[in-house]
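Residue strings, one per chain:
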Amino acid sequence: MTAVARLLRATALLCACFAVGAQAQTPEPDGAGVLPGALPRQWQVSGPSCAGAATFEVQRYNDDFYILRESGCANYEKPFLFLLFGADKVLLLDTGAGKTDVVEVVGRLIDGWLGRHGRDSIELIVAHTHAHGDHTSGDDGFRRRARTRVLDTTPAAVADFFGFRRWPDDTVTYDLGGRALDVIAIPGHEPSSIAVYDRQTGVLLTGDTLYPGRLYVRDAPAFVLSIARLVEFTRGKVVAHVLGNHIEQRRTPYLDYAVGTVHQPDEHALELGRGQLLELDGALKEMNGSLRRMALRDFTIWPK
Ligand SMILES: [Zn+2]
Ligand SMILES: [Zn+2]
């Protein structure tokens, strides 16, 4: 190959790489059309006194998207729940820890939305990021609610409801009515774990698989594959926020609050981004099949 030919070939390769890389960028400056939403600068921290504390703090991300956080005074796990409205259905992801008034709190949010939209009722689908008790304890109350379907939490039931054919390898779409959600199976923390990507807001919900805290890994091979699938799924997509189910991390990098902490006055923000997903994927791949506990800036990999 002549020097000129080599130069041309190198230029062509560079252009090809740039073209592939460019697909991951969004056209500026419209944010690729994702609908905006608001997250609090700081969640209301539970305590130091629990007198008069509400069971849930409700954050209106936008009119069709609500985030509920259970108070540490109700349960130290302080899990997050997510309520997403479409034209035909409203999806509740998770029902919280312990016995609470979650049915009433969610009911009031749905009634308020129906009132603003001049509607009488809407079907409520209660699904779960995964089957652990701190995310499913409110299920029974919803089973007695009208126009409500509560999904079972086995992988088979979850796969069947959302229409997976090759769990966990395929990705499926679930439509709430003018609002498409992508559902990705991500076993590893728990066998029925899913991630949900809301195309409308670009928010990726990741349950206990990725959040600012201790990422407990029960099935290491499955977890590694799930994170790799999430990286692939998000390639070239707008990821406004990665929202998981807990905050255990402090604002000070690498430090967390001990298990059981109620009052977390200096806790990390809930929201992460695709960068942290890539960081997690990279750390897992470096461990090359034998996972060990590793603290990173915003979370800790914690094989069980
Ligand atoms: Zn869990
Ligand atoms: Zn949890």
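Residues numbered from 1 in each chain as written. Chains lettered and ligands numbered in written order. Predicted model: local features only at pLDDT ≥ 70, side-chain atom pairs only at ≥ 80, totals over all residues.

Caption draft 1: Representation of the sheet that holds strand β10 (residues 203-207). Pairing is mixed in the open sheet, where five strands are placed in the order β7-β8-β9-β10-β12. Two strands close off the open sheet at either side, each with one partner strand: β7 (171-175) and β12 (241-244). Sheet twist, expressed as the average angle between the axes of neighbouring strands with direction ignored, equals 25°. Summarising the sheet, strand β8 (residues 180-185) and strand β9 (residues 194-198) pair through five bridges and their orientation is antiparallel. Bridge pairing in β9 places D182 opposite Y197. Across the face of the sheet, helix α5 (residues 220-234) comes into contact with β7, β8, β9 and β10 while running at roughly 150° to β8. (Pairing = 2+ DSSP bridges. Helix = DSSP H or I, 4+ residues; strand = E, 2+ residues; numbered from the N terminus. Axes fitted to C-alpha atoms, helices over the stretch in contact; angles between N-to-C directions. Contact = placed C-beta atoms within 7 Å.)

Caption draft 2: Layout of the confidence of the model for the protein chain. Here the protein chain averages 92 in pLDDT, and 90% of its residues register 70 or above. A low-confidence stretch, residues 10-22 (pLDDT under 50), is modelled with zero contacts involving residues beyond four sequence positions or located in other chains. (pLDDT = per-residue confidence, 0-100.)

Caption draft 3: Geometry of the sheet that holds strand β1 (residues 56-62). On the basis of which strands lie adjacent, the open sheet formed by six strands has the order β1-β2-β3-β4-β5-β6 and mixed pairing. What marks the edges here is a single partner per strand, and that holds for β1 and β6 (148-150). Adjacent strand axes in the sheet meet at a mean angle of 15° when their direction is disregarded. Judged from the five bridges that link them, strand β4 (residues 89-93) and strand β5 (residues 123-127) form a sheet pairing that is parallel. When the bridges of β5 are listed, K89 appears paired with E123.

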